[in-house]
Amino acid sequence: MQEVFYEESVSLHNEKPAKFRYTLFTVFGVLCFVSAVFAVINIWALMFTPVDEDSGIAVKDVLIGMIPWAVMFILMLAGGIFLFIKRHHFYISYDYTFVSGELRISKVFHSRKRKLLYRISDEKYVKLGRVGSESYKKLKSSPDIKEDILTPNEEAAEDKEFYYIQAATNVGKKLLVLECRQELLANILRYTRRNLLESEFNRK
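Residues numbered from 1 in each chain as written. Predicted model: local features only at pLDDT ≥ 70, side-chain atom pairs only at ≥ 80, totals over all residues. Heavy atoms only, no water.

Mind showing me how you'd approach the pairing of strand β1 (residues 5-10) here?
The two faces of the sheet receive side chains in turn, since in a regular strand these alternate between them. Across the two faces of β1 the burial differs, with Y6, E8 and V10 buried and F5, E7 and S9 not buried at all. Across 6 bridges, β1 lies against strand β2 (residues 92-99) in antiparallel orientation. In the strand pairing of β2, F5 is matched with V99. (Buried < 20%, exposed > 50% of the residue type's maximum accessible area, 1.4 Å probe, protein only. Helix = DSSP H or I, 4+ residues; strand = E, 2+ residues; numbered from the N terminus. Pairing = 2+ DSSP bridges.)

Below is the structure:
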């Protein structure tokens, strides 16, 4: 059988909410790091506090005074790192790559980090169709099939539609929702040579 390669990407249509959250997380992340530095300065100052038992300043008191600042340093440092990492997770895109029978779906965070979500081989496809169809509604209501939305958008781009792929994956039965062109489904059907389309697909 002839080798087939087809690839599509889908990114955010409206980046304003993502940009706002990215800025918000960045600002709070910076504040966390500044607070961590402030805590270190106070710990450093306490380390050089003159110890004088006669005046009531004991080593024990200095160490106890360091504890709140040490806790603050750890929390602020961890918070800053968490916020700086998570800020990229608002810019999400997906890549759909079809290579000779196998569909690979990846999640991309801010064009920096790619995470492979699914690898669906020829025998794993069960059904293909349009989101919103009667077949889709029945599959979505099925208790043993879990839906996974693999697009960051609520409305499809002008040249694309929302389609679903019912598949048997390594993590169970899945209803995968993609925002793509009909060419992706056509390539799957051409390669598998099986009738996977829902019965009402061509009635639109």
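Now, onward.
Hey, could you run me through the nonpolar core in this one?
In globular proteins that are soluble, nonpolar side chains generally tend to be buried together. If you look at the biggest cluster of nonpolar residues, it comprises 27 residues, and the most contacted ones within it are Y96, F98, L103, I165 and L178. Those elements giving two or more residues to this core turn out to be β1, β2, β3 (102-109), β4 (113-120), β5 (125-130), β7 (161-169), β8 (172-180) and α4 (182-192). In this structure, Y136, L139, Y164 and L175 belong to the second largest nonpolar core, which totals 6 residues. (Core = buried A, V, L, I, M, F, W, Y, C linked by side-chain atoms within 4.5 Å.)

Would you explain the packing of aromatic side chains in this entry?
The description of two aromatic rings rests on the distance between their centres and on the angle between their planes. Scanning the entire structure with this criterion turns up 7 aromatic pairs. Here the aromatic rings of F38 and W69 are separated by 5.5 Å at their centres, their planes lie at 75°, and the arrangement is edge-to-face. Of this pair, F38 sits in helix α1 (residues 16-47) while W69 sits in helix α2 (residues 59-86), and the two are 31 residues apart along the sequence. Of the residues examined, F38 reaches a relative accessible area of 44% and is grouped as partly exposed. Taken together, a centroid distance of 5.8 Å and an interplanar angle of 40° make the contact between Y136 and Y164 tilted. (Phe/Tyr/Trp six-rings, centres within 6.5 Å; stacked < 30°, edge-to-face > 60°.)

What should I look at first to understand the sheet that holds β1 in this one?
Read from one edge of the open sheet, 4 strands run β1-β2-β3-β4, paired in antiparallel fashion. The open sheet is flanked by β1 and β4, the only strands paired with a single partner. The sheet shows a mean angle of 15° between the axes of neighbouring strands, direction not considered. Sheet topology places β2 next to β3; 8 bridges connect them, and they run antiparallel. Note that in β3 the partner of S93 across the bridge is V108. Here α4 sits on the sheet in contact with β1, β2 and β3, set at roughly 30° to β2. (Axes fitted to C-alpha atoms, helices over the stretch in contact; angles between N-to-C directions. Contact = heavy atoms within 4.5 Å.)

I'm lost on the pairing of β4 in this one. Help?
The sheet contact formed by β3 and β4 spans 7 bridges and is antiparallel. Paired with V108 across the strands is R114, a residue of β4. Hairpin geometry of β3 and β4 is characterised by an intervening segment of 3 residues between the two adjacent antiparallel strands and by a positive phi of about 55° at H110.

What is the right way to look at the layout of surface pockets in this model?
Once rolled over the atoms, a probe with the size of a water molecule shows which space is left empty. In this structure, the largest pocket spans a volume of roughly 290 Å³. Lining of the largest pocket is provided by 13 residues; of these, L12, N14, P17, P152 and N153 occupy positions nearest its centre. Element by element, the count of residues in the lining of the largest pocket is highest for α1, at 3 residues. Residue classes in the lining of the largest pocket are distributed as 6 nonpolar, 4 polar and 3 charged. (1 Å grid on protein atoms, 1.4 Å probe; cavity = no way out; pocket = protein on both sides within 12 Å on 5 of 7 lines; lining within 4 Å. Points joined across faces, edges and corners; volume = space filled by probe spheres on them. Nonpolar A, V, L, I, M, F, W, Y, C, P; charged D, E, K, R; others polar.)

Please clarify how the pattern of salt bridges should be interpreted in this entry.
Pairing between side chains of opposite charge can happen when the charged atoms of each approach one another. For the structure shown, the criterion picks out 10 salt bridges. For K137, the salt bridge is made with E134, and the minimal N-O distance between the two is 3.7 Å. With K137 and E134 both in helix α3 (residues 134-141) and 3 residues apart, this pair spans about one turn of that helix. Put simply, E8, D159, K160 and R181 are held in one network by salt bridges that share partners. (Salt bridge = Lys/Arg side-chain N within 4 Å of Asp/Glu carboxyl O.)

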